[in-house]
Amino acid sequence: MTEILQPGEHLAGQSAHYLPAEPQNVLWGRLPCRRDTPVLRVSPGESVTVDTLSHEGLLEDQGRDPLRYFAGLGVDPEHVLSDAITLAASDAPRDARTDGPHVNTGPIHVAGAQPGDLLKVTIGSLQRRVPYGIISNRHGKGALPEFPRREHDVSIFAGVDEGRGTIAPFAGAERSITFELNPFFGTIGVAVDDDARPHSVPPGTHGGNIDIRMLTEGASLYLPVQVPGALVFLGDPHFAQGDGEVALTAMEASLRGTVQFDVIAREDALRQFGEQVGPIAETTEYLIPTGMNEDLDLAVESCVRNAVALLQARWGLDPEHAYAYLSAATDFHISQVVDIVKGVHAAVRKSDFRSLAS
């Protein structure tokens, strides 16, 4: 059994700042806006160890009692996270009829971040807090409207065995199908410049529920700052996800992450990335512009335009040559099709431009 990372435990060697997922430190179903008070303040360059909670096992259609819910799936009580139990039993504000499912830790104020800047969020390390997760298909909101096939929502238990995910081939069978685990936060974002808290499901220029599975350890996400201090948040933890996330959820399971925050001034941001409409990610190998829209075709168009702007700003390509390069050499991935606003991200290979000064 993998070590259980209960709140406040096993923090040796982590960053100086630790933010647990206590009820006063999370938003459940909504995202921060300009009126929200930060739960932590940090300076650029500082790292924070953040506990995040999966919503699976906490929701009303699962009984809003994770101890009982996971016991029914064979999980020992001591392997259920105490902060999940506390949040489900709390009066944390959430209207199940109108709010989203996601639990997001934050917001965190980053000193000096101003509208027009980019907030850089670098994923230093990710630790599985439990050795199991849930993959759900609810309310006809997956890619196929005929699912779930029966009147009840479907939530399928997934385990972690020898470092791989495992599920059963059919109900009642032993878990025998295995797949690779690549943990990441499905939700990373900044507060919107509005008095109303946005719903947690649709992503947007603020980031939010972008579900880009390339945001694993070592990756960075650049977010356009909308309010002073950025008010960044993280949540919707996944152990694994395929591009598209077609059933509605991925393998949803709680994570502990250590992340670093840096501020990129607007002038430097334009030089590095061009005028980006929304988040842009980066790994050692790739730059990853994004596009989002309720219409998948328009999400692709937006992503291509952002990729062209990136190539012009970073390497000096003209639009025609940028467009040609993207067509010949860049994969455009569907991030997800199940969060109302659909997402597309492009993987631009940085090594292709090593002969050009950046």
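For the structure, see preceding data.
Quick caveat: nothing in here was measured; it's all calculated off a predicted structure. (Residues numbered from 1 in each chain as written. Predicted model: local features only at pLDDT ≥ 70, side-chain atom pairs only at ≥ 80, totals over all residues. Heavy atoms only, no water.)

A.B. asks: An account of the environment of Tyr69 is needed here, citing residue identities and associated values.
C.D. replies: Note on placement: Tyr69 falls in helix α1 (residues 66-71). Sequence-distant contacts of Tyr69, defined by excluding residues within four places in its chain, comprise Gly57, Gln62, Ile134 and Ser155. (Helix = DSSP H or I, 4+ residues; strand = E, 2+ residues; numbered from the N terminus. Contact = heavy atoms within 4.5 Å.)

A.B. asks: Quick rundown of the packing of aromatic side chains? Include the residues and the values.
C.D. replies: Working definition: an aromatic ring pair is given by the centre-to-centre distance plus the angle between the planes. Applying the stated rule across the entire model yields 6 aromatic pairs. With centroids separated by 6.0 Å and ring planes inclined at 20°, the aromatic side chains of Tyr132 and Phe157 adopt a geometry described as stacked. One end of the pair, Tyr132, is in strand β7 (residues 132-137); the other, Phe157, is in strand β8 (residues 154-161), and 25 residues separate them in sequence. Between Tyr222 and Phe273, the ring centres sit 4.6 Å apart and the planes meet at 50°, which makes this aromatic pair tilted. Of this pair, Tyr222 sits in strand β13 (residues 220-224) while Phe273 sits in helix α3 (residues 266-273), placing them 51 residues apart in sequence. This pair shows no difference in class: Tyr222 is buried, exactly as Phe273 is. Grouped by ring-pair contacts, the aromatic residues Tyr69, Phe70, Tyr132 and Phe157 constitute a single cluster. Sitting over the ring of Trp315, Arg314 keeps its end group 5.8 Å from the ring centre. (Phe/Tyr/Trp six-rings, centres within 6.5 Å; stacked < 30°, edge-to-face > 60°. Buried < 20%, exposed > 50% of the residue type's maximum accessible area, 1.4 Å probe, protein only. Lys NZ or Arg CZ within 6 Å of the ring centre and 35° of its normal.)

A.B. asks: Can you explain the pairing of β13? Please cite residues and give values.
C.D. replies: Most of β13 sits inside the fold, with 5 of its 5 residues counted as buried. Of the two faces of β13, both are covered, the one formed by Ser220, Tyr222 and Pro224 as well as the one formed by Leu221 and Leu223. With 5 bridges connecting them, strand β6 (residues 118-128) and β13 associate as antiparallel partners. Its bridge partner lying in β13, Leu118 is registered against Pro224. (Pairing = 2+ DSSP bridges.)

A.B. asks: Hey, could you go over empty space enclosed by the protein for me, with residue numbers and the actual values?
C.D. replies: Counting across every chain of the model gives 2 cavities of 30 Å³ or more. Reported here for the largest cavity is a volume of approximately 120 Å³. Forming the boundary of the largest cavity are 15 residues, of which Ser54, Glu56, Phe70, Tyr132 and Ser254 lie nearest the centre. Only α1 and β7 provide two or more residues apiece to the lining of the largest cavity. (1 Å grid on protein atoms, 1.4 Å probe; cavity = no way out; pocket = protein on both sides within 12 Å on 5 of 7 lines; lining within 4 Å. Points joined across faces, edges and corners; volume = space filled by probe spheres on them.)

A.B. asks: Hey, could you go over unusual backbone geometry for me, with residue numbers and the actual values?
C.D. replies: Cis rather than trans, the peptide bond between Gly106 and Pro107 has omega equal to 10°. By secondary structure assignment, the location of Pro107 is in strand β5 (residues 103-110). Omega for the bond connecting Phe147 with Pro148 falls within 30 degrees of zero, at 0°, which places this linkage in the cis form. Looking at the secondary structure, you find Pro148 in the loop between β7 and β8. Phi at Asp211 takes a positive value of approximately 55°, unusual for a residue other than glycine. Among the structural elements, Asp211 can be located in the loop between β12 (207-208) and β13. Despite not being glycine, Leu248 shows a phi value in the positive range, around 125°. Residue class for Leu248 comes out buried when judged on its relative accessible area of 15%.

A.B. asks: Outline the nonpolar core, listing residues and values.
C.D. replies: Judged by nonpolar contacts, the single largest core of 43 residues is most densely connected at Leu119 and Phe261. Counting residues in hydrophobic clusters, the runner-up holds 21 residues, among them Trp28, Leu59, Val103 and Val130. (Core = buried A, V, L, I, M, F, W, Y, C linked by side-chain atoms within 4.5 Å.)

A.B. asks: I'd like a description of α3, backed by residues and values.
C.D. replies: For α3, the complete set of buried residues consists of Ala269, Gln272 and Phe273. Buried residues in α3, looked at end-on, bunch into an arc of 70°, giving them a common side. For α3, exposure combined with an orientation more than 90 degrees from the buried face picks out Glu267 and Arg271. Buried-residue contacts for α3 involve β6, β13, β16 (255-264), β17 (280-282), β18 (286-293) and α4 (296-315). Positive backbone phi, at 75°, marks Gly274, one or two positions downstream of α3. (Arc of directions from axis to C-beta.)

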